[in-house]
Amino acid sequence: MTERMLKFVDVAQRTPEIRAAERRRRDFDEIYRGFDDAAAAEQSSRCSQCGIPFCQVHCPVNNNIPDWLMLTAQGRLEEAYEVSSATNNMPEICGRICPQDRLCEGNCVIEQSGHGTVTIGSIEKYITETAWERGWVKPIRPPVELDRSVGIIGAGPAGMATAEQLRRKGYQVRVYDRHDRMGGLLVYGIPCFKLEKEVVQRRIEHLERGGVVFHRNFEIGRDASLRDIRDRHEAVLIATGVYKARDIQAPGVGLDNIVPALDYLIASNRKGLGDRVPAFDDGGLDAMGKRVVVIGGGDTAMDCVRTAVRQGAKSITCLYRRDRENMPGSRREVQYAADEGVKFQFLAAPEAFVGDDAVTGVRAIRIHLGVPDASGRQTPEPIEGSHFTVEADLVIKALGFEPDDLPTLFGASELGVTRWGTIRIDYQTKMTNLDGVFAAGDIVRGASLVVWAIRDGRDAAEAIHEHVSANFEPATALAAE
Ligand SMILES: Cc1cc2nc3c(=O)[nH]c(=O)nc-3n(C[C@H](O)[C@H](O)[C@H](O)COP(=O)(O)OP(=O)(O)OC[C@H]3O[C@@H](n4cnc5c(N)ncnc54)[C@H](O)[C@@H]3O)c2cc1C
Ligand code: SF4
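Residues numbered from 1 in each chain as written. Chains lettered and ligands numbered in written order. Predicted model: local features only at pLDDT ≥ 70, side-chain atom pairs only at ≥ 80, totals over all residues. Heavy atoms only, no water.

**Student:** Before we go on, may I ask you to explain the sheet that holds strand β11 (residues 359-372) in this structure?
**Tutor:** Paired through their backbone hydrogen bonds, the strands of a sheet run either parallel or antiparallel. Strand order in this open sheet of three strands is β10-β11-β12, and the pairing throughout is antiparallel. Each having just a single partner strand, β10 (348-355) and β12 (378-391) make up the two edges of the open sheet. Neighbour-to-neighbour, the strand axes of the sheet open up by a mean angle of 20°, direction not taken into account. Looking at chain direction, β10 and β11 are connected through seven bridges and run antiparallel. In the sheet register, V354 faces β11, and the bridge partner there is G361. (Pairing = 2+ DSSP bridges. Helix = DSSP H or I, 4+ residues; strand = E, 2+ residues; numbered from the N terminus. Axes fitted to C-alpha atoms, helices over the stretch in contact; angles between N-to-C directions.)

**Student:** Would you mind showing me how to read the site of ligand 2 here?
**Tutor:** Neighbouring ligand 2 are 13 residues, the closest being C59, C98, Q100, C104 and E124. Looking at the shell around ligand 2 residue by residue, the class counts come to nine nonpolar, three polar and one charged. (Near = heavy atom within 4 Å. Nonpolar A, V, L, I, M, F, W, Y, C, P; charged D, E, K, R; others polar.)

**Student:** Mind showing me how you'd approach the side chain of D177 here?
**Tutor:** Along the chain, D177 falls in the loop between β2 (172-176) and α11 (185-188). For D177, which is buried and forms no salt bridge, the nearest opposite charge comes from R178, at a distance of 5.3 Å. Among the polar contacts made by the side chain of D177, one reaches the main-chain amide nitrogen of A155 at a distance of 2.7 Å. The residues touching D177, leaving out its near neighbours within four places in the chain, are G154, A155, G156, M182, H215, R216, N217 and F218. (Buried < 20%, exposed > 50% of the residue type's maximum accessible area, 1.4 Å probe, protein only. Lys, Arg positive; Asp, Glu negative; His and termini not counted. Salt bridge = Lys/Arg side-chain N within 4 Å of Asp/Glu carboxyl O. Polar contact = N/O pair within 3.5 Å; in protein donor to acceptor, adjacent residues only side chain to side chain. Contact = heavy atoms within 4.5 Å.)

**Student:** Help me out: how do you make sense of the packing of helix α16 (residues 299-311) against helix α17 (residues 331-339) in this one?
**Tutor:** The axes of two packed helices give the description: the angle between them and the distance between them. The interhelical angle for the contact between α16 and α17, taken along N-to-C directions, is 25°, at an axis separation of 10 Å. Compared by their axis directions, α16 and α17 come out roughly parallel. Where α16 crosses over α17, the two elements pack in a sense that is left-handed. Side by side, α16 and α17 meet where D299, M302, D303, V305 and R306 of the first sit next to E333, V334, Y336 and A337 of the second. (Parallel < 35°, antiparallel > 145°, perpendicular 65-115°, else oblique. Left-handed = near helix turned anticlockwise from the far one by under 90°.)

**Student:** Is there a simple way to explain the packing of aromatic side chains in this structure?
**Tutor:** Aromatic ring pairs are reported here in terms of the distance separating the ring centres and the angle at which the planes meet. Enumeration over the complete set of coordinates arrives at two aromatic pairs. Ring geometry for F344 and F346: centres 5.3 Å apart, planes at 5°, overall stacked. Residue classification places F344 among the buried positions, given a relative accessible area of 15%. Above the ring of Y243, the side-chain terminus of R178 is found at 4.8 Å from the ring centroid. Between R310 and the ring centre of F193, over which it is positioned, the NZ or CZ distance is 3.9 Å. (Phe/Tyr/Trp six-rings, centres within 6.5 Å; stacked < 30°, edge-to-face > 60°. Lys NZ or Arg CZ within 6 Å of the ring centre and 35° of its normal.)

**Student:** Teacher, can you tell me more about the environment of P328 here?
**Tutor:** Of note, P328 is situated in the loop between β8 (315-319) and α17. Accessibility expressed as a relative area gives 47% for P328, which makes it partly exposed. Distance from P328 to P260, taken between C-alpha atoms, is 19 Å for residues 68 residues apart in sequence.

**Student:** What is the right way to look at the nonpolar core in this model?
**Tutor:** Generally speaking, soluble globular proteins have nonpolar side chains that are buried together. With 72 residues, the main nonpolar core has I93 and L186 as its most contacted residues. With nine residues, the top contributor of residues to this core is helix α20 (residues 450-471). Beyond its immediate sequence surroundings of up to four residues, L186 is in contact with M90, I93, P157, M160, L195, K197, V200 and V450. In this structure, V259, V277, C318 and L394 belong to the second largest nonpolar core, which totals 28 residues. (Core = buried A, V, L, I, M, F, W, Y, C linked by side-chain atoms within 4.5 Å.)

**Student:** What should I look at first to understand helix α5 (residues 65-73) in this one?
**Tutor:** An α-helix turns once per 3.6 residues; consequently, residues spaced three or four apart project the same way. Three or more residues of α5 are buried, namely I65, P66, W68, L69, L71 and T72. Where α5 ends, the next residue or the one after it, G75, has phi of about 80°, a positive value.

**Student:** Teacher, can you tell me more about the site of ligand 1 here?
**Tutor:** The environment of ligand 1 is formed by 34 residues, the closest being I97, D177, Y243, D303 and D442. Take H179: an N or O atom from its side chain is 3.2 Å from an oxygen atom of ligand 1. Separating a nitrogen atom of ligand 1 from a backbone N or O atom of I220 is a distance of 3.0 Å. A total of 1000 Å² of accessible area belongs to ligand 1 in isolation, and the protein chains cover 96% of it. Looking at side-chain class alone, the shell around ligand 1 contains 18 nonpolar, ten polar and six charged residues. (Areas by Shrake-Rupley, 256 points an atom, 1.4 Å probe, with all protein chains shown as cover.)

**Student:** Explain the confidence of the model for the protein chain here, please?
**Tutor:** If pLDDT is low for a region, its predicted coordinates should not be looked at in detail. Looking at the protein chain, the pLDDT average stands at 91 and 92% of residues meet or exceed 70. Segment residues 1-12 is flagged for pLDDT under 50; beyond a separation of four residues in sequence, or across chains, it makes 13 contacts in the model. (pLDDT = per-residue confidence, 0-100.)

**Student:** Just checking my understanding: could you explain the pattern of salt bridges for this structure?
**Tutor:** Oppositely charged side chains may form a pair once their charged atoms are brought near each other. Counted by the stated rule, this structure contains 31 salt bridges. Linking D223 and R222 is a salt bridge whose minimum nitrogen-to-oxygen distance equals 2.8 Å. Among the residues examined, D223 registers a relative accessible area of 38% and is labelled partly exposed. We classify R222 as exposed; its relative accessible area is 53%. The salt bridge partner of D459 is R455, with a shortest N-O separation of 3.1 Å. In this pair, D459 and R455 both sit in helix α20, four residues apart, roughly one turn of the helix. Here the salt bridges share partners, and the residues they tie into one network are R96, E129, E196 and R202.

Structure (structure tokens):
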């Protein structure tokens, strides 16, 4: 029996709980503490090259995972990097923060057979970090400079991916963002312990060195209208994400120290970046020593509870109105939170917030899951007389996000939106109902994932290139400086 087969027998003898705990520890160590070439090769060699690449099919950018695993196993890391970066503009970011358990790794046949997935995300991170260290990430050098320009509204992953793809073709690319730092939710949403901000900054600098121009603190709707931006460019991409927080209607919701998730996370991220944040420094948005209640069960809620752990909260309770199986986010994140000491109150919904000026508790009611609604999900129904109160000094509302009213904000009432307020596009051409105006990322899908935003951004770049090529005189090359 080979050494590899012996390992499988050994693994099979452990209980599922032990295997799951070992896997979590390994995932965490590999992603956040690191590999070396030999360990990456050993992990990659676990890929069975099964012939039906379910991992690739379930990766939104369709990364050619089996090939780069094989190359890594053979020690051919530079080639592995070439393959992985061919389909993804930020593999080291996806390697860190994709919910792999729902995407590539969750569909790995080794995982399905009970032996624990090949840890695809951590290998992807490792080979790309190695590429940065060893100088394999090549600067963006368009073969020709075109006299065609594209304006991109929003410097999140969708805008960044589009910018890179179009710049590589020689377009003059201008990105407008209302924030002081570029990266969208990569910078201000996702916490530092999951995604170090230097990693995002390195990508922004890579784009800037390649000729992408960023207009910081530039808000469409305040500093220019959509019409103004359209007049400046042959094509425009809207990639503004979704930011309107869903709220709770309950007595006492206006008490002090009940805050929206993004306010809390932005303050924490800004502190991590060294900014002065009065709302954090005066203690309002700092969980240190507090009894924290987070309402919601998605990935944003998990980011809040895990941030509160790191800030030194006294206790952390997550209230979620459905059960664990029905949580919308990554199961891995929920398990990490539980491992870190977060208490979950499943099947519980807030009814009222208690306190005089500031909140002191959340009055909640137990929930029973009733018959499925039109979407197929069971309807949460309160159980009469089942009230209980959770003490709280800080309540964080993490109930998800909706799109802002862009037609009004942009001064463009003619811009078509869906009944959910997301931008309506033609899925073939990626174009909105306005000629030459495209859209990508969360503002089209609703709150989604970084890797989907990258996919959309890449698709939008192709569509913009086709549109500009078909609708304008052949682009002339700018004289080299
Ligand atoms: C707390 C949190 C944690 C998350 N964690 C994960 C995770 O772990 N893994 C994962 O895959 N996904 C995660 N997501 C989801 C992911 O961040 C988003 O799906 C992704 O960032 C969407 O990319 P985008 O480019 O469409 O939009 P965004 O990243 O939101 O970027 C939009 C940009 O547009 C700018 N903008 C908006 N309006 C204007 C305007 N009027 N003028 C100029 N600029 C404007 C914004 O400032 C922003 O920079 C998380 C989301 C949140 C909220
Ligand atoms: S991009 Fe995300 S889904 Fe695709 S291989 Fe990487 S970690 Fe997996």
